[in-house]
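For reference, the chains in residue letters:
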Amino acid sequence: MIEVHDLDLILKLKEFSLFQHEHYFYFDRETLSNFLTSRGFEVLSINFIPDSLRRANSLLVLAKKKESKNLFEIDIQKRISVLNHFQREWIQREWKSFCGSIDDWLEKHKNSYLIGYGAGGRAVMTLAAIKNYKHLRFLVDKAFGTDPVYTPKTHLPVYGLEILKKEHPDFVLVFSYGYLSEIKNELK
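Residues numbered from 1 in each chain as written. Predicted model: local features only at pLDDT ≥ 70, side-chain atom pairs only at ≥ 80, totals over all residues. Heavy atoms only, no water.

With respect to the sheet that holds strand β4 (residues 114-117)
Within a sheet, each strand pairs with its neighbour through backbone hydrogen bonds, oriented either parallel or antiparallel. Test applied: When DSSP finds two or more bridges between a pair of strands, those strands are recorded as paired. The numbering of helices and of strands both runs from the N terminus, where a helix is a DSSP run of H or I of at least 4 residues and a strand a run of E of at least 2.
One open sheet accounts for five strands, arranged β6-β7-β5-β4-β8; its pairing is mixed. Looking at the sheet topology across the chains shown, the edges are occupied by β6 (149-150) and β8 (171-174). Pairing of β4 with β8 involves four bridges; the strand directions are parallel. The residue of β8 that forms the bridge with Ile115 is Val172.

Following this line, the structure appears as structure tokens:
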């Protein structure tokens, strides 16, 4: 079984910050299947676990080793088409729009008690790209403790979930939104 990020979901969810820090390779169903086939594996199933049980934007592939390798042909024109769609200008336009939406929401709710959830690469990259990050009082992340650490560039404090026993924000802006259902359970 192999679990990787699903490139199609990254694009759909506009999680462009993942390209700054996460992985060297990005696969969709077709490219991962082709890669495994070229290495002598038979793909048995893709995403065989329901979405509700899979983490974030996971692409799960179940494969087994075969006796002989099958050669396959890659539709180069299709791959080029996908990559052309993924041009720098398109990413910048989509990323700017995405960050603008966050800035607008933060400005609209600036008089509320706002915090962020998630201090990983998604949060750090997004915070660095938005203007209204100062409307957030702090971030929480289950990987941290009671002593604060600070995000690069924005210098927002990051605490573990324990702080929520005494602090009660009006809104939590979730940066790790691929894990939203897990985070909702943690925040309960």
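The rest of the description comes next.
Considering helix α6 (residues 121-129)
To be explicit about the condition: Each residue is placed in one exposure class: buried if its accessible area under a 1.4 Å probe, protein chains only, is under 20% of its type's maximum, exposed if it is over 50%, and partly exposed if it falls in between. By definition, the arc is the one covered by directions from the helix axis to the C-beta atoms.
Taken as a whole, α6 has its buried residues at Arg122, Ala123, Thr126 and Leu127. With its buried residues spanning 120 degrees around the axis, α6 presents them on a single face.

Observations regarding the packing of aromatic side chains
Applicable threshold: Centres within 6.5 Å make a pair out of two Phe, Tyr or Trp rings, where for Trp the six-membered ring is used; the pair is then stacked when the planes are under 30 degrees apart, edge-to-face when over 60, and tilted otherwise. When the NZ atom of lysine or the CZ atom of arginine is within 6 Å of a ring's centre and also within 35 degrees of its normal, the charge is said to sit over that ring.
Per the counting criterion, the structure on display carries five aromatic pairs. Here the aromatic rings of Phe27 and Phe35 are separated by 6.0 Å at their centres, their planes lie at 45 degrees, and the arrangement is tilted. Relative to Phe171, the ring of Trp105 has its centre 5.5 Å away and its plane inclined at 85 degrees; by these criteria the two rings are edge-to-face. Linking Trp105 in helix α5 (residues 88-108) with Phe171 in strand β8, this pair joins segments that are 66 residues apart in sequence. Residue classification places Trp105 among the partly exposed positions, given a relative accessible area of 27%. Linked through ring pairs, Tyr113, Phe138 and Tyr159 together constitute an aromatic cluster. Above the ring of Phe41, the side-chain terminus of Lys65 is found at 4.8 Å from the ring centroid.

Comments concerning the sheet that holds strand β1 (residues 2-5)
The condition is simple: To get an axis, fit a line to the C-alpha atoms, keeping to the stretch in contact for a helix; angles then go from 0 to 180 degrees between the N-to-C directions.
Taking strand neighbours across the sheet as the criterion, the three strands line up as β1-β3-β2 in an open arrangement whose pairing is antiparallel. This sheet does not close on itself; its edge strands, each paired only once, are β1 and β2 (41-46). Sheet twist, expressed as the mean angle between neighbouring strand axes with direction ignored, is 35 degrees. Bridge analysis of β2 against strand β3 (residues 58-65) gives five bridges, and the strand direction is antiparallel. Its bridge partner lying in β3, Ser45 is registered against Leu62.

A look at the side chain of Asp6
Just so we agree on the cut-off: When charges are tallied, Lys and Arg are placed among the positive residues and Asp and Glu among the negative ones, while His and the ends of the chain are skipped. When a carboxyl oxygen of Asp or Glu is within 4 Å of a side-chain nitrogen of Lys or Arg, the pair counts as a salt bridge. Only heavy atoms matter for contacts: two residues are in contact if any of them lie within 4.5 Å across the pair.
Position of Asp6 among the secondary structure elements: in the loop between β1 and α1 (7-13). No salt bridge is formed by the buried Asp6, whose closest oppositely charged neighbour, Arg29, lies at an N-O distance of 4.9 Å. Sequence-distant contacts of Asp6, defined by excluding residues within four places in its chain, comprise Phe27, Asp28, Asn47, Asn57, Ser58 and Leu59.

In short, shape yes, function no, at least from these values alone.
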